Amino acid sequence: MYLSDLLNNKQLSQQNNPLIKGLKLDSRHVQAGDLFFALAGTKIHGEHYIADAIARGAVAILKEAPLSRLEILATETPCLSIPHLSQHLGEIVARFYKHPAKTMRVTGVTGTNGKTSVSHFIAQLLSQQQPAGLIGTLGYGCYGNLENIHYTTPDALRLQAIFAELRDKNVHDVVMEVSSHALVQGRVNTIPFKTAVFTNLSRDHLDYHQTMEEYAEAKRLLFQWEGLETAVINIDDPMGRNFLARLPSEVRCITYGLETDNIMNKPMISATILNRDLRGCTLEITTPTGQYQVAVPIFGQFNISNILATIGVLLSYNIAIENILPSLSTITPVAGRMEYFSNAHSPTVIVDYAHTPDALQKVLLTLRTHCKGQLYCVFGCGGNRDRGKRPLMGEIVQAIADQMIITDDNPRHEESNVIIKDILRGCNPNAPVQPTIIPNREQAIHYAIQQAIPNDIVLIAGKGHEDYQEIGSEYLPFSDRALVQEILSGQ
Ligand SMILES: CC(=O)N[C@H]1[C@@H](OP(=O)(O)OP(=O)(O)OC[C@H]2O[C@@H](n3ccc(=O)[nH]c3=O)[C@H](O)[C@@H]2O)O[C@H](CO)[C@@H](O)[C@@H]1O[C@H](C)C(=O)N[C@@H](C)C(=O)N[C@H](CCC(=O)O)C(=O)O
Ligand SMILES: Nc1ncnc2c1ncn2[C@@H]1O[C@H](COP(=O)(O)OP(=O)(O)OP(=O)(O)O)[C@@H](O)[C@H]1O
Ligand SMILES: N[C@H](CCC[C@H](N)C(=O)O)C(=O)O
Ligand SMILES: [Mg+2]
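Residues numbered from 1 in each chain as written. Chains lettered and ligands numbered in written order. Predicted model: local features only at pLDDT ≥ 70, side-chain atom pairs only at ≥ 80, totals over all residues.

A look at the nonpolar core
The cut-off we apply is this: By our criterion, buried Ala, Val, Leu, Ile, Met, Phe, Trp, Tyr and Cys residues that link up through C-beta atoms within 7 Å make up a nonpolar core. Any residue whose C-beta has 12 or fewer other C-beta atoms within 10 Å is treated as exposed, any with 20 or more as buried, and any in between as partly exposed, C-beta atoms being built from the backbone. For the purposes of this entry, the term helix denotes a DSSP run of H or I that reaches at least four residues, the term strand denotes a run of E that reaches at least two, and both are numbered from the N terminus. For every residue pair, C-beta atoms are placed from the backbone, and the pair is scored as a contact if these atoms sit within 7 Å.
In this structure, L360, L364, Y376, C377, V378, V458 and L459 are the most contacted members of the largest nonpolar core, which totals 133 residues. Considering each element in turn, this core owes the most residues, eight residues, to helix 10 (residues 301-316). Aside from chain neighbours lying at most four places away, what touches C377 is L364, V397, A401, M404, L459 and A461.

Quick look at the structure:
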C-alpha cells in the first residue's frame, strides 16, 4: 500500500509516497520496505530510534509530535509528525489490513479481575454455534487453539493483524480482553465493540495509572465507545454502579450481580447458590424471563459472577436462555483459575492466578469455607509492577491463611528480596500466623505440599497458567500446574 493511501492523504508528492510493505513499532524489528512508527513512549520517545529504523531499511517514518508538519530527513526518507499518533494508530493500521474487524461482532471484557475467565466462557459458549475468536492473556486465535502473545491486549499493529488472520479464517465472533493500558494507549481504537462487559475494579496497575480515579476512567472509556450497543455491568461493584449511572443514553444496559438484597440496585441477572463443593455448584439463576436451575462445574463465588456476565453477553446477542443453560452445565474452567489437583493421599492443591489483593482475598475466603484442616498459601508479587499492592497482599494472606509461604512471582528486573520486603511490610510480627520465606518457587511449592496433610488445602497463587518465571529479561521454563502434578503423582 502507498503511504498516501495508508494515511488517506492524496496531497503527498510522488517522491514522498513510498510503497509500504509492513508496519513496525520497534526499530529492532524493521525490515526493508517497512514504515516505522516512532511513538512518544512511556520511557523514551521512539524518535531516538528513527536513525536505527532507517538503517534497517524503513522507507517512511510516522512520528508522534505536538505539531503536524512534514520533515524531510537528510536521508530523504519521508517523516511525518502526527499529533497524538498513538491514538490514530488503530485507524492507520486498520486501513493497511482493510478494516478486518469492521463486519465482526466484537465483545470487549474489562475489569481488574475476571477478564480472561469471562471471555473464555463467552467464547466457549459462542463457539458451539460457529467458530469464535478469542484474544487475551492466554493468547489469541479460535477458541480451543490459541497462540501465545504475552499481552492481555496486544498493541494496535498486532491486534489488527490478528483480526485480519481471524477474518481470513471466516471468524465472525471475537471476544477480547481489554486492559486499561490498551484503552489509554489507544491499542483498541477502531475496534467496533458491540457489547462490553465490566467485571470489577480494585487495586492494580497503580505503577502505570497513578490513582484509582485515573484507572477507573481508563476502564470507563470502553463504556463510552462509539457504536457500543450493550453494556453488561456487575452492579455488586461500586464502580459498576458508577459506570451504570454515567452510561450514554443510547447504550442498552444488562446488569448482573450476586448481592440481590439492595432493592435500589436489583440486578437483571442474579443467582442463588443452592449447594457447592470444590468441584462445582448448583445455581438458581434469575433472568428477566424467569428462574432456572443449573449445575455448573465451576468453583468459587466470583466465578459465579463470571458466569452471570457470560449469560448477560449471550442475552445481548438475543440467544435464548433455554439455549444457554444446557451449555453452562458442560462449561470448562479456565487453566490456572481455581484449578483443582488432588489424589487419595495428598492435600487438595489449588492453582489460581490471583495476583491482586482483591482476588487473593476472595480466593482465600472461598477456600476457607471448604477447608477442614489448615489453609496454606504460597504466593509472591511481580517485579516492575505496582509496589503498593505488595503489603496489602501480605496483610490479607496473614489474616486469612493458617500457613503463609512467600516466594518469587516474576521478579523481572527487581531484586527478589526487595519485593519480599515490600510484602512483609504488610505483615504483623505479633500475629499468630508468621510467614515462611522461600524465594525459590519450586522449593516453596514442595515445602507447602509436603507439610500439608489430606484435610488441608494448599493455594498456589499468582501464576495460574503461566509456564515461565520471568527473571531479568529471561523467561525460564516454570509451571505451577506441571510441578504440582509431578509432586502429586510421586506421592
Ligand atoms: C507500560 C506499557 O504498556 N508499555 C508498552 C509501551 O511501551 P513504552 O511506551 O513504555 O515503550 P518505551 O520503552 O518508552 O519505548 C518507546 C518506543 O520506542 C520503541 N523502541 C524501543 C527500543 C528500541 O530499540 N527501538 C524502538 O523502536 C518502542 O517499541 C516504543 O514504541 O508500548 C510498547 C509497544 O506497544 C509495549 O510493548 C509496552 O508494553 C510493555 C512491554 C508492558 O509490559 N506492558 C504491560 C504493563 C501491559 O501492557 N499490560 C497490560 C495489562 C495487563 C493486565 O491487566 O492483564 C496488557 O494489556 O498486557
Ligand atoms: N469476577 C472476579 N472477581 C474477583 N476476582 C476474580 C474474578 N474472576 C477471577 N478472579 C480472580 O482473579 C484471578 C485472575 O482471573 P482472570 O485471569 O480471569 O482475570 P484477568 O482480569 O484476565 O487478569 P489479568 O489482568 O491478569 O489478565 C483468578 O485466578 C481469580 O483469583
Ligand atoms: N497481566 C498481569 C499479570 C500479573 C501476573 C503475575 N504473575 C505477575 O507477574 O505479577 C500483569 O502483567 O501485571
Ligand atoms: Mg487476563
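Examining the domain arrangement of the protein chain
Here is the rule we go by: An automatic or database domain assignment supplies the start and end points of every domain.
On domain assignment, one finds that the protein chain holds domain 1 (3-83), domain 2 (96-329) and domain 3 (339-489). Once you take the C-alpha centre of each, domain 1 and domain 2 turn out to be 36 Å apart.

Side note on the confidence of the model for the protein chain
Applied cut-off: pLDDT is a residue-level measure of predictor confidence that goes from 0 to 100.
On average, residues of the protein chain carry a pLDDT of 94, and 97% of them reach 70 or more. Scored by ipTM, the complex comes to 0.95, with pTM at 0.93.

Looking at the sheet that holds strand 8 (residues 139-142)
Put simply, the test is: When DSSP finds two or more bridges between a pair of strands, those strands are recorded as paired. Under this scheme, a helix contributes an axis fitted over its contacting stretch, all axes are lines through C-alpha atoms, and angles between N-to-C directions fall in the 0 to 180 degree range.
If you trace the eight strands from one edge of the open sheet to the other, you get 9-8-7-10-6-11-12-13, paired in mixed fashion. Edge positions in the sheet fall to strand 9 (145-147) and strand 13 (252-256), since each has one partner strand and no second. Across the sheet, the axes of successive neighbouring strands diverge by a mean angle of 15 degrees, strand direction being ignored. Summarising the sheet, strand 12 (residues 230-234) and strand 13 pair through five bridges and their orientation is parallel. Paired with I233 across the bridge in strand 13 is T255. With respect to the sheet, helix 9 (residues 238-245) is in contact with strand 11 (193-198), strand 12 and strand 13, its orientation differing from that of strand 12 by roughly 150 degrees.

Observations concerning the site of ligand 3
Note the cut-off: A residue counts as near a molecule or strand when its C-beta atom, positioned from the backbone, falls within 6 Å of it. Residue classes follow a fixed rule: Ala, Val, Leu, Ile, Met, Phe, Trp, Tyr, Cys and Pro count as nonpolar, while Asp, Glu, Lys and Arg count as charged, and any other residue, Gly among them, counts as polar.
What surrounds ligand 3 is the set T152, H355, G382, R385, D409, N410, G462, K463 and E466. Split by residue class, the shell around ligand 3 holds no nonpolar, five polar and four charged.

Looking at the sheet that holds strand 16 (residues 290-296)
If you trace the three strands from one edge of the open sheet to the other, you get 14-15-16, paired in antiparallel fashion. Where the open sheet ends on each side, the last strands, each with one partner, are strand 14 (270-277) and strand 16. Here the average twist between neighbouring strands, direction ignored, is 15 degrees. Across seven bridges, strand 15 (residues 280-287) lies against strand 16 in antiparallel orientation. Directly across from C281, in strand 16, lies its bridge partner V296.

With respect to the packing of helix 15 (residues 441-451) against helix 16 (residues 480-489)
Put simply, the rule is: Between 65 and 115 degrees an angle is taken as roughly perpendicular, under 35 as roughly parallel, over 145 as roughly antiparallel, and anywhere else as oblique. The handedness criterion is simple: a crossing whose near helix is rotated anticlockwise from the far helix by less than a right angle is left-handed, and one whose near helix is rotated clockwise is right-handed.
The contact between helix 15 and helix 16 brings their axes to 11 Å, and the two run at 40 degrees. With respect to their mutual orientation, helix 15 and helix 16 come out oblique. The handedness of the crossing between helix 15 and helix 16 comes out as right-handed. The residues of helix 16 that touch helix 15, namely those facing E442, I445, H446 and I449, are D480, L483, V484 and I487.

Concerning the UniProt feature "binding site: ATP" (unreviewed entry) in the protein chain
Our working rule: UniProt positions are given in the numbering used here, feature names are shortened, and annotations may be inferred rather than shown by experiment.
UniProt records the feature "binding site: ATP" (unreviewed entry) for G111, T112, N113, G114, K115, T116 and S117 in the present numbering. In this structure, N113 sits in the loop between strand 6 (105-110) and helix 4 (115-126). The exposure class assigned to N113 is buried, which follows from the 24 C-beta atoms found within 10 Å. If we skip the residues at most four places from it in the chain, N113 touches T199, N200, T356, D358 and A359.

Things to note about helix 5 (residues 156-168)
The criterion, for reference: In this scheme, a helix's expected span is set at 1.5 Å multiplied by one less than its residue total.
Look at helix 5: 18 Å from first C-alpha to last across 13 residues, which is about the 18 Å you get at 1.5 Å a residue. Taken together, the buried positions of helix 5 are occupied by A156, L157, L159, Q160, I162, F163, L166 and R167. Of the surrounding secondary structure, the elements contacted by the buried residues of helix 5 are strand 1 (22-24), helix 3 (85-96), strand 7 (132-136), strand 8 and strand 10 (173-177). Trailing helix 5 by a residue or two, N170 shows a phi angle of about 60 degrees, which is positive.

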